[in-house]
Structures are given as C-alpha cells and as structure tokens.
Amino acid sequence: MNNNENIRNFSIIAHIDHGKSTIADRLLEYTGTISAREKKDQILDDMELEREKGITIKSKAVRLEYQAKNKQKYILNLIDTPGHVDFSYEVSRSLTACEGALLIVDGSQGVQAQTLANVYLAIRNKLRIIPVINKIDLITSNPEEVAKEILAISDLEIKKEEIILASAKENIGTMDILEAIVKKVPPPSGKIDSPLKALIFDSVYNSYKGTIVYVRIVEGSIHVNSSIITMSNQKEYEVNEVGIFHPKMKAMNKLSAGEVGYIIAGFKDVKDVSIGDTITNLKRPAQKSLPGYKKVTPLVFCSIYPVDNNEYGNLKMALEKLKLNDSSLFTEPESSQALGFGFRCGFLGLLHLEIIQERLEREYDINLIATTPSVMYRVTTIKGEILNISNPASFPTKMEISKIEEPFVNLTIITPSKYIGGIMELIQERRGQFKNMEYLDEKRAKLDYQIPLSEIILDFYDRLKSKSSGYASLDYEMCGYMISDLLKVEIMVNKNVVDALSFVIHSDKAYARSRKIVEKLKEVIPRQLYEVPIQATIESRIIARETIKALKKDVIAKCYGGDITRKRKLLEKQKAGKKRMKKLGKVEIPQEAFLGILKLE
Amino acid sequence: MNPGLYVHIPFCRSKCYYCDFNSYPLNSKYSIDEYINALYKEIDIHVNPNKSYSLKSIYFGGGTPTILTGLAISHLLLYIKKRFKIDENAEITIEANPGTIQREKMQIMYQSGYNRISLGGQTFNDSLLKNIGRIHSSAEISASFKLAREIGFNNINLDIIYALPGQSKDELKNDLFRTVELNPEHISLYGLTIAEGTRFYDDRKKGLLKLPTEEIEAEMFAWAISYLESKKYEHYEISNFAQRGKRSVHNQIYWDNLPYIGIGAGAFSYLNGYRYGNLKDPLAYIQSLNKGVLPIEQGERLSREKMMSESVILWLRTRDGVNFNKFMQRFKVDFHNIFGTQVEEMRENGLLEEDECCCHLSRKGVFLANRVFEEFIIL
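We now turn to the structure provided with this report. (Residues numbered from 1 in each chain as written. Chains lettered and ligands numbered in written order. Predicted model: local features only at pLDDT ≥ 70, side-chain atom pairs only at ≥ 80, totals over all residues.)

### Re the overall build of chain B
The helix and strand inventory of chain B stands at 15 helices and 17 strands. For chain B, restricting intrachain contacts to residue pairs at least 6 apart in sequence, the fraction spanning at least 24 positions comes to 70%. (Helix = DSSP H or I, 4+ residues; strand = E, 2+ residues; numbered from the N terminus. Contact = placed C-beta atoms within 7 Å.)

Dropping the structure here:
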C-alpha cells in the first residue's frame, strides 16, 4: 500500500477539554487500531502528568487503517498536538507534517483564543480544515451558535453543511469524521522515486533504543540499513530501524513519501538531531532541505536549585535527561550566594515550567527550590553595552543603567461579553495597552492588547479564569522589546540579601509588592530561636520591613504510653519537613517562601 | 525487667472540649459491664504462667475510671492481683474526676489497695471550668481532694491545665495558689494543646478561641516553675512536679522507655521492643475479645535507631536527663559517638547542659524541648 493516493495525514486542533483526546480514542477504536478492551482512557496522553493535568505535552503520531465507504483502504496518520499556549511551537511542528486538520470545538464552550491562533497557523500552512462540533449530547450545547462562530473565522472557507456534529462520549459522528478526512484532506504530494526528504518533527529518547526520531517522509523513501545524513550538520548515520506507530512502535522495511513514522539510526544524543531538520539519503541526496522551523526561544526563566546541595549532581543529570525529550528547555549552570549551585532555566511558559519542576520532583525525586519566574530584560549600560538579563540577581545598579527594556506581547482574549469589564480592569492593573475589540457574535468578544510579558507569566491565567468564571481564553505572541521604568528589589532575611528572592518590577508597583512579599515571608518562615528581620530594599534603601519574633515555647506537654510512638512520628515528620527547607545562614526558609511569592494575590 | 500495667476505662459523662484521649460519652451500643468483661478476658490473655516478672506499678486511666461502681473498681484490681505477681510496694494509681467519687466509692478503692489518686482538677476558676467543658465546680475539686485525704490517701496528684482560652496570668497564679494550699504530693501541669478532632480545634479554626499568645504562655510556664519550686516541688519532668520521694513510679516507666502492658480499648503496650496499640473503638474491642481474637489495631517493631531516639527524647523530658552509663548499658555504644554533634549544637544554642555523667535540658531548653528532640530523631 505505498500508493500516496490512499494516505491522509492530519492533526487535531482543539482547546483543552474540548475533547481532542476522546475523539482520537474513538477514531482509534473505530478503525480497530486498538480494541476497547486494550484502551485506557485517553491513549495518546501517556505521560502520568499529561493524564493528570488533562493536557497533551508532547506531540505523538499514530497510524490508523480505515476502509472507507468507497471500499478502498486508507492509511490515516494522526499527529497529535498539544493544546496549551505554552506549546504552540509543538503545534506548528505537527501542522507542517500534515495536509489536514480537524478543528474540534466544544458545542457548549465555543471557539477559544488558543484554538483560533492554531487555526490561523493551520491556514497559513495551507492545511485543509475539517470543523467538528463536539459534545452535542450536552444540554448546554448550542451547535447553532458555535457553527456561526466557526463560519465567522476569516479565511476559513467552509460551508455550514461541512461542519460535523459529534459526541465522542456517545460515539456520534466518528464515521463522518473519518469519511471527511478521506474525502477532503488531500493526499500527500511527494514522489516515492525522488531523492529522500524526511522532515524531523519530534524526537524522544528511549533508554533501550536511544534517540527515536519522528519523521514525515516528504519525498522519496527510507529503508532499513541505508545510509542517511542530517542536512543541517551533514552528519552520517546508518538506519537501524524504521517503523510506524500502530499505536505502539511497529518496525517496517521502509517508509515512503507521504508516510509518517519513526527512524532509529544510532543518533547518540537528541542534540545531534535538531527538530525541523531534513534527513536525506547519503548516496542520493536531495538538493535542497525542507523549510524547517523557526527556532524556539524560551520566554520565562527561573533558577532551579536542589534543597540539598549534595543533590546538584542528580539535578544536573535529571535536567539532561529531560532535555533529551524536550528541545525547548534551556539550562545554564548558575550559582547563588544563598542557594549554592543550580541552574538558570528557560521555559516556553509557566505551565512548561511547572511541568518540568513536577517531573524533577516526582520522577527524579529531587527536592527543589525554584525562584520567582522572570522574563529576559534588555539593559543598556551607560557605556553603551547591551545586556540580556534573565536573572534579577545579576541586574546592574541604577548608576550603571542608561535604559531598560522589557519584552511585550500581543495578547488576544476571547470572552463572553459580560465579563469584559472585569477583564479590562485586570489588564489595566497589569499595564496592558488596549488595541482593539471585536464582537464574534452577540455574546462573545475578542480583545486585543499589548502587555508586558512579565505581567502575564505569573498568575494572570488564573486571574483571568476567575474574572470570567472560567470562560475566557487567551493567546499571545511576542511583539518585541520596549522601554520600561523598572527597578530591582532585593530581599534581606536576617540582614543577609537572599539573591534568589530578588525581583525586577515596574516602579509604580515596587512598594506594594515589596510590602506583600515581606508579609508573606513573615508568614511562611518558621519562628527561629532569635528574632529575624525581613526587609525589602531598593538600592540599599529599605522600603518594607517585618520582624519574625523569636520562638518562645515549643514543647510537647504530655508524653505517656501510646503517645510515645505518635509523638516520635510527629517529630520525624517535622524533621523531614525541615530537611526540605533551605538553611540560609542560620535561618531555615521553606520552599514555599520562594514559591509563595507567586501567589500573592 | 518489671513492667507497669495500664488499664484504660474509655468512658466519661461528657467529653471535655480539649480532650483527645480515647474516651466516649456512655451510649447504648454496649454496656459498661460488657466492657469490663472484655477487660477480664484481656487480662487472662496476658497472664504470665511462670510469673517471671512482677508489676512495678498499676495505673487506671481514662476516660473516667471512677465512672465505674466502687465494686467494679475493686474487683478489677483484686483480679489483677490474683493473676499477676505484683511488687510489694507497687504504686497503684487511679484517675478520678471530681464529682464522680462519693465517700463510699473512695473508701472501697482505698481498702482494695489503690494507694494513689490522680485528680483531674484543671483549674479552680468556675467560669473557665465551664468554658472548657468540665462538669464539676472548683468547690468539688477541693471537696474530692479533702475526702481522699481524710480516707487515707497519702499520695495524691492534681492535674492543672494552663494557657486556657481567655485565661490571664493572674488566673493561673490563683490556680496554683489554690493547688499548693491543698498540698498534693504531685502536680501535673500541662500547657493546653489543641489537638485535631477536638471541639477546641474546630473552634480555633472558626476563630472562636481566644488563646493566650505564645509569649504569655511562656511567661505562665516560667512563673509556675519558679513558684512550685519555691514550694518544694521538684520539677522532675517537663510537665510534672513532685514532693520529695513522690515522683510517679508508673509514669517514670514511660520516660525511661521501659516495658509496660496496656489493657483496654486504645491502650498501648511496649514489650520486647514491640509497641502496639489496642483497637480504639470500645465496641470493636469488646467484639474482638468475645471472638477470642487479640484486640490489636496497630503495632511497630522498633529499630535500634528508633529505640535510641526515643530513649534519649524521653530521658531528656526528665530532670535527670540522659545518663551516659545508662545509655551505654542499654545500647552498648557511647552516647557521644551517636549524638555528639547534636549535643554540641544544642549546647551552643543554650538548650542543653552537660556534666560528666549526664546531659539534660537547660532552663531555656525546657521551653523549646521540641527543637532539641527533633535533633535526636534519626531519619
């Protein structure tokens, strides 16, 4: 079945919880790729965290075989995409490996900002889009309204009859979706007899098989035992295995133009393989590589330190392992007076940061301290040097600075119109500049703002959700650096500067935020045997102060027969808790002191 | 090693607001008689056929043991005396709550061999008594005490709690004046602890409890120690004071981490390095014994490290502290080899003091004992 005519490559665009994974499951079941007996819920989200958070983090591919109504057999390659704003670069990668996309919209929720952004991305990539309204079984579902919203998406040239009504839960519309994929998504155009061009759209590291590269064969074919080169760095490899995802990895003799699958070829390191690169045949190379991808740049930074300095080695190893599967994670060794040796890390967004942090703690069992997330500031010194600073601790003094710029983003929010007031207020607090407002229909509006990235990386998403009863959705993209009136605030605990607690903030907000931070620290730092002052300073000037009083009395009053075990366990728990704290000088600071600052509001 | 015996009576007229002991108001699911029958069955299980040990002390605690009839109280002890070998001068204590003991009951208790009474007074302030859920008045405390004395008890403990909601320093002073006036041989003075599952715990969560600040609590404790010491009470354990020769034999078994047998619902035993607790629920306890099944709910075999930690922590609760020879005898290793660095750090912080034979909490250490104990936990 190497006939291109019978291959369809598609991905799914959907907002979180709009039913992408359940629809994917129905497609897998319907085509017999998996039996209902084998299935756990949501097959594609196989990372523990993905299942827990209900999100897809990594791209995945799976091959379905479908006998269409016209009696012909088709190979359908589904390339799964993450749905969260942090991972839009993964989405763009998946989309370029496809000719079509299912646009899934929850019939009771309507089109969301993130979905819209991904639809435009798909349109730009010339993908054929098949709109599906899901969850039509829900009483709150309003397919008519949602259909209007879909039809209103500019450049999406579809007719109302083309929108498929589905309920993955009730298994409605599954066959319509499969038929639409066969009929509407064009077959891949590459020729099997051309020189090989394979697009790398992802890679994972497996401790048994080494680096596994996910590819879309665009032109030609690739065989086991053939010699290949990666075009960007001209490195040669011998192909050990090629195969498809069915949904588990299944080895094949070859992969041909139009197909999606994997290659194992003795790539030592994920770093050897850059995503977006083109693989070609050594003996019969292609002339030109495929366009590839824009390089991913981290937007959010924070420092990660082990609580116990002896765990530095473990942390280093764990980060290296995570990087094998996550090319967007940026790390750089760093040392802090307060926290010892650690890493400055760059992430795609706050969710990405949380996921990495949780994986380090859970999968690698390392107690971490992560500092307050920050963005990359651009500081021009009076000498005319331009410094890119992602760590507030290394901010120069006021005397040395001629100007400071910070990154801004174009922010798009889609919300039911009744929440507009509250949302505008929120954005105003966050220094957002209003650009545009547009009604999608009678009830929903799209807001466009320009806003400093630093204002939306912390708790903005949560606040937006609470201001809109969970209905508003957001998307953003970088729009460049602009001058801002920023200051660095330092925090001193027991008269020692804790560099890891330093932060950069707009001058209008410095005082109020410092106040809140010292109050919060007073709350979370346990009483010590002596009095501990907590101060916030700007250029050595104290702008806020609190004092933690000395501990006066801490003693278990009673300890008889049955108490002994209980009290010992209590002490054990306390001691274990303290082990998770960082000792700065003589003061024990719990991890939440570093994290708690995120959650001030 | 001669153990102590503890017998638990898990019933009260009503539950005090701070109480997190295994005690229940009487109800209709089972009768006190059924419970007492179960106690007899458990005693039978424990009987040591060779009588290779004899009991150093017996302690009836609760709940309110004196909620039982005088007859039941004396029969239980007589049965225990029949089934166990008992030291000639064993300390035999019963806890009693004012208002639950009439003259006749007290007389029976005395005659059947109880030689120590522990009276739950808590405070002499009638409005505080009411606010913490006690069912007796301050007058009843004095009356019960005097009655016990009159009948012949020459070893009486009085329980007092301080740092009660709304209590002032002066009110505590008054409590201790009244206490000392009665001249008990032993005083247990507990700082109020708010435990999960109690009414006070919920009240505090709702912001309904006006507790003294930690500073006031510390001042109360400091004053109490000085005052009681000036009245010739030895501060021999964090919460306990005794006249010369009147330390509690039974409780010192706990603080020496020596073996004890616990009988009754939720009672703990510590035998041969194994500490286990009985079923807490009286009905489950009764049913288990009726079926002839050991009523054990939980237990742990202590590792050597845990035994060391526990022994040191318990010793440190007492004025005598850790005796280095005793440590060596018990664990066959030098105390400083195991805990040298901890002792050094705690000495620097002024929480521990040390001489040639022993180390013990400093005055400051008594107030911050948990900090010290934590150091001696081996994780």
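There's plenty left to go through after this.
### Some details on the pairing of strand 4 (residues 100-106) of chain A
Side chains on a regular strand alternate between the two faces of the sheet. Residues and elements named next belong to chain A. The element strand 4 is extensively covered by neighbouring structure, given that seven of its seven residues are classed as buried. Burial along strand 4 is two-sided: the face carrying Gly100, Leu102, Ile104 and Asp106 and the face carrying Ala101, Leu103 and Val105 are both buried. Relative to strand 5 (residues 128-134), strand 4 runs parallel, the two sharing seven bridges. Note on strand 5: the bridge partner recorded for Gly100 is Arg128. The handedness of the strand 4 to strand 5 crossover, carried by helix 4 (residues 113-124), is right-handed. (Buried ≥ 20, exposed ≤ 12 C-beta atoms within 10 Å, placed from the backbone. Pairing = 2+ DSSP bridges. Right-handed = clockwise from strand over helix to strand, strands pointing away.)

### Some remarks on the pairing of strand 19 (residues 340-347) of chain A
Residues and elements named next belong to chain A. Most of strand 19 sits inside the fold, with six of its eight residues counted as buried. Alignment of strand 17 (residues 300-306) against strand 19, held across five bridges, turns out to be antiparallel. Bridging from a neighbouring strand, Ile304 pairs with Phe343 of strand 19. Strand direction decides the pairing type here: strand 18 (residues 330-336) and strand 19, joined by seven bridges, are antiparallel. Counterpart to Thr331 in the pairing with strand 19 is Cys345. Turn length for the strand 18-strand 19 hairpin, with the two strands adjacent in sequence and antiparallel, is three residues.

### Re the sheet that holds strand 18 of chain A
All names here are of chain A. The strand order 18-19-17-20 describes an open sheet built from four strands, whose pairing is antiparallel. The strands lining the two open edges of the sheet, one partner per strand, are strand 18 and strand 20 (368-370). Taken over all neighbouring pairs, the strand axes of this sheet differ in orientation by 30° on average, direction set aside. Against the sheet, helix 8 (residues 350-363) contacts strand 17, strand 19 and strand 20, and its axis sits at roughly 165° relative to strand 20. (Axes fitted to C-alpha atoms, helices over the stretch in contact; angles between N-to-C directions.)

### Points about the interface of chain A and chain B
Contacts between chain A and chain B engage 21 residues on the former and 34 residues on the latter. The class makeup of the residues in the side of chain A that touches chain B is 10 nonpolar, four polar and seven charged. (Nonpolar A, V, L, I, M, F, W, Y, C, P; charged D, E, K, R; others polar.)

### Quick look at the packing of helix 9 (residues 420-429) of chain A against helix 10 (residues 460-467) of chain A
How two helices sit against one another is set out by the angle between their axes and by the gap between those axes. All names here are of chain A. Remark: helix 9 packs on helix 10, axes separated minimally by 9 Å, with the N-to-C direction vectors making an angle of 155°. In this view, helix 9 runs roughly antiparallel relative to helix 10, as classed from their interaxial angle. Considering the relative orientation of helix 9 and helix 10, their crossing is right-handed. Contact residues: Gly422, Ile423 and Leu426 in helix 9; Arg463, Leu464 and Lys467 in helix 10. Among the residues forming the contact of helix 9 with helix 10, the class breakdown is three nonpolar, one polar and two charged. (Parallel < 35°, antiparallel > 145°, perpendicular 65-115°, else oblique. Left-handed = near helix turned anticlockwise from the far one by under 90°.)

### Thoughts on the environment of Phe330(A)
Structurally, Phe330(A) can be placed in strand 18. On the basis of neighbour count, Phe330(A) is assigned to the partly exposed category, with 18 C-beta atoms found within 10 Å.

Any link to function would need more than the numbers given here.
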